[in-house]
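Coordinates in review
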Amino acid sequence: MGGKFSSMDPMEVEVPALKDLMDRDPYLHPYEREFRRRYAVFKDYVERVNASDGSLDQFTKGYDYFGIHVKPDNSVVAREWAPGAQQVYLTGDFNGWNKESHPYTKLEYGKWEINIPPAADGSCPIKHLSEIKLVIRGPHGQQLFRLSPWAKYVVPPPRSEGFTYKQLMWNPPEKYQFKHPKPKRPKSLRVYECHVGIGTQEGKVGSYLEFAKNVVPRIVRQGYNAIQLMAIMEHAYYASFGYQVTSFYAASSRYGTPEELKELIDVCHANGLFVLLDMVHSHASKNVDDGINQFDGTNSCYFHDGARGEHTLWDSRLFNYSEYEVLRFLLSNLRWYVEEYGFDGYRFDGVTSMLYHSRGLGQGFGGHYDDYFGLNVDTEALVYLMLGNYMLHKLYPEMITIAEDVSGMPAMCRPVAEAGIGFDYRLAMAIPDKWIKMLKEQSDDDWDIGNLIHTLTNRRWMEPAVAYAESHDQALVGDKTIAFWLMDKEMYTHMSTLSDPSGIIDRGIALHKMIRLITHSLGGEAYLNFIGNEFGHPEWLDFPRAGNNDSYHYARRQWNLVDDENLKYKFLNNFDRAMNLLEEKYGWLHQDSGNMEEDWVSPSRMVV
């Protein structure tokens, strides 16, 4: 399995013989030795893929092989990976829900395949939008109904029919054709973090097309040049905010169809917006009926068995990143949203949980390098992130990837060729925590500005960070937005320009502006804001659930507040726009920053 990629391979990688290097140099610093070991593991993975699938490029197109595909002659071929299954069948509307009339043929390495000829009239035997389902005979002979892990369109059932999601054949006679080119990667990244479902002020789930029509113009006017779309990967439980994914290849149908998501992204591109997807590869929903948990009737398949496969805090499953077909599934998933929908980059959720066997639970990261190079580090997950970033940046040079990591792992945002993990930015998660701590515990008269500046500027040299004062985390029920911390109940009575003056409101608005400006200018090499916080949205975010009688009252954005000229929300909104336009003019996010240097320093010489 040795050797490098052929010169014709677009994924060619030049990797020195690191093991030999380490053997020849017994005086390497232990931390640098660990960097080299990780890089060597990465090289081994690449070589294995090259030997087995020809190239990393081919390996990461699993969506072209697995799942259901219509051939040019209208016949259908479908393939699955179910290593624990005794037999696999395809059933649905097309065969009158006969559970065993269409068996798959078993191939090597746990793969299954079925070929269905065209209908008598030459048409596709499985019609567009007809329901289909897999029948798995598990290792103990049990009969299980499953959705394909590669399903591209799944929908919730009518309430009268139960609760299990339905997989529908997505093969529309006309697919959306993109009309606008992708924008260039911004030098200064100003990200608008948003959620399509809450993008309406009505008490309902907003749609892709409504967002394109009503919200995108607001984002552009505010001076943001990128959006981060949350909760796009299908999740059966709406209140999970998209972080309990059940169908990884299906864009959420609650906002509309796949073609309508493409139209939204095309509209964003037409307006010069770079579109990032909130990518959840750190874990998966435990939901068996709607998700990929226990897909083949075993407790493993896509996940680790036993305690290593369970996230105790999130009550979810953890991927087995060392399994060949799991790597194919996840890496292909990264390419799918670029190739099919036109996304420009990703914000990787839960990276800290991936990097450590402890999942970061109860672990304080004080900056000592033993935290980052000990046995607690999950090498398999770390190398998966290296593979993902290497592949994405090699194939898509304009790609941006952002890591949600609170630990401060060294070289998180250095290229894989330098033994880094390969992200472009990491979220500066200490900054919003600092603001909330100060607002909770101190009067603004007592703020220690020196300590605050230290927090805002304390980041690794040459590793760009995304600064933010508040994101969706601070807006969720159970916490309070900065506006609410500053002004609280006064917002309900004194936000009118016609009401009596309020010192609390006046001071709160002034401090809100200062907090955002100092964060924007000092906190990183990019900036992020959560939808609605630009005008000080007054209330928390809470999705419809049993605990609030399925209410949408807090699962929406009250645009009427900022549009009303008689309310003071317009002042916060106007300041936010002026701040972004000023950065657009002077470029402080990308200019004169030591973090943006091109030179690299030996890992053993890095300092916190």
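Everything numeric in this text was worked out from a predicted model, so none of it was measured.

Remarks on helix α4 (residues 208–221)
Given 3.6 residues per helical turn, the α-helix brings residues three or four places apart onto the same face. Over its 14 residues, α4 extends 19 Å from the first C-alpha to the last, a length consistent with the 20 Å expected when each residue adds 1.5 Å. At valine 215, α4 is bent by approximately 40 degrees, the largest bend along its length, and proline proline 217 sits one to four residues beyond. Burial in α4 covers these residues: Tyr208, Phe211, Ala212, Val215, Val216 and Ile219. Just downstream of α4 lies glycine 223, where phi reads positive at about 90 degrees.

Considering empty space enclosed by the protein
Where empty space is left can be seen by rolling a probe of water-molecule size over the atoms. Within this structure, the stated rule accounts for 3 cavities of 30 Å³ or more. In this structure, the largest cavity is lined by Glu193, Gln228, Arg347, Glu404, Leu427, Met429, Tyr468, Ser471, His472, Asp473 and Leu528. Residues belonging to the lining of the largest cavity are distributed by class as follows: 4 nonpolar, 3 polar and 4 charged.

Overview of the UniProt feature "domain: Glycosyl hydrolase family 13 catalytic" (unreviewed entry) in the protein
The UniProt record marks residues 204–518 with the feature "domain: Glycosyl hydrolase family 13 catalytic" (unreviewed entry), using the residue numbering of this structure. For residues 204–518, the end-to-end C-alpha separation is 36 Å, with 37% helix and 12% strand making up the annotated structure.

Here we look at the pairing of strand β14 (residues 274–279)
Burial of β14 is extensive: 6 of the 6 residues sit out of reach of the surface. Both faces of β14 are covered, namely the face carrying Phe274, Leu276 and Asp278 and the face carrying Val275, Leu277 and Met279. Summarising the sheet, β14 and strand β18 (residues 345–348) pair through 4 bridges and their orientation is parallel. When the bridges of β18 are listed, aspartate 278 appears paired with arginine 347.

A short note on the sheet that holds strand β20 (residues 425–427)
Within the closed barrel, the 8 strands sit side by side as β10-β11-β14-β18-β19-β20-β21-β22. Their pairing is parallel. This sheet shows a mean twist of 30 degrees between the axes of neighbouring strands, independent of strand direction.

Concerning the side chain of histidine 235
The residue histidine 235 is located in the loop between β12 (233–234) and β13 (247–251) in this model. At 2.9 Å, the side chain of histidine 235 and the backbone oxygen of methionine 233 are in polar contact.

Details of the sheet that holds strand β1 (residues 67–70)
Pairing in this open sheet of 4 strands is antiparallel, and the strands run β1-β2-β5-β4 from one edge to the other. Edge positions in the open sheet fall to β1 and β4 (105–106), since each of these has one partner strand only. By the bridge criterion, 2 bridges tie β4 to strand β5 (residues 111–116) in an arrangement that is antiparallel. The residue bridging lysine 106 from the neighbouring strand is tryptophan 112, located in β5.

Describing the environment of serine 358
Position of serine 358 among the secondary structure elements: in the loop between α7 (351–355) and α8 (370–373). Put simply, serine 358 and tyrosine 63 are 295 residues apart on the chain and 32 Å apart in space, counted from C-alpha to C-alpha. Those residues in contact with serine 358, other than ones at most four positions away along the chain, are Gln363 and Asn376. In terms of polar contacts, serine 358 uses its side chain to reach the side chain of glutamine 363, at 2.6 Å.

Some words on the packing of helix α11 (residues 449–457) against helix α14 (residues 503–522)
Two numbers describe how α11 lies on α14: the axes approach to 9 Å, and their chain directions differ by 45 degrees. Judged by the inter-axis angle, α11 sits oblique to α14. For the element pair α11 and α14, the recorded crossing hand is right-handed. Between α11 and α14, the residues in contact are Leu452, Ile453, Leu456 and Thr457 and Ile518, Thr519 and Leu522, respectively. Taken together, the residues of the contact of α11 with α14 sort by class into 5 nonpolar, 2 polar and no charged.

Observations concerning the UniProt feature "active site" (unreviewed entry) in the protein
UniProt records the feature "active site" (unreviewed entry) for Asp349 and Glu404 in the present numbering. Despite a sequence span of 56 residues, these residues sit close together in the fold, their greatest C-alpha distance being 5.4 Å. Lining the largest cavity, out of the annotated residues just given, are Glu404. Counting through the fold element by element, aspartate 349 comes out in the loop between β18 and α7. Judged by its relative accessible area of 8%, aspartate 349 is buried. Judged by its relative accessible area of 11%, glutamate 404 falls in the buried class. Contact partners of glutamate 404, with chain neighbours within four places excluded, come to Arg347, Phe348, Asp349, Gly350, Val351, Thr352, Leu427, Met429 and Asp473. At 3.2 Å, the side chain of glutamate 404 forms a polar contact with the side chain of arginine 347.

About the criteria used
Residues numbered from 1 in each chain as written. Predicted model: local features only at pLDDT ≥ 70, side-chain atom pairs only at ≥ 80, totals over all residues. Heavy atoms only, no water. Helix = DSSP H or I, 4+ residues; strand = E, 2+ residues; numbered from the N terminus. Expected span 1.5 Å × (residues − 1). Bend = angle between axes of the 7 residues up to and from the residue. Buried < 20%, exposed > 50% of the residue type's maximum accessible area, 1.4 Å probe, protein only. 1 Å grid on protein atoms, 1.4 Å probe; cavity = no way out; pocket = protein on both sides within 12 Å on 5 of 7 lines; lining within 4 Å. Points joined across faces, edges and corners; volume = space filled by probe spheres on them. Nonpolar A, V, L, I, M, F, W, Y, C, P; charged D, E, K, R; others polar. UniProt positions renumbered as here; feature names shortened; annotations may be inferred. Pairing = 2+ DSSP bridges. Axes fitted to C-alpha atoms, helices over the stretch in contact; angles between N-to-C directions. Polar contact = N/O pair within 3.5 Å; in protein donor to acceptor, adjacent residues only side chain to side chain. Contact = heavy atoms within 4.5 Å. Parallel < 35°, antiparallel > 145°, perpendicular 65-115°, else oblique. Left-handed = near helix turned anticlockwise from the far one by under 90°.

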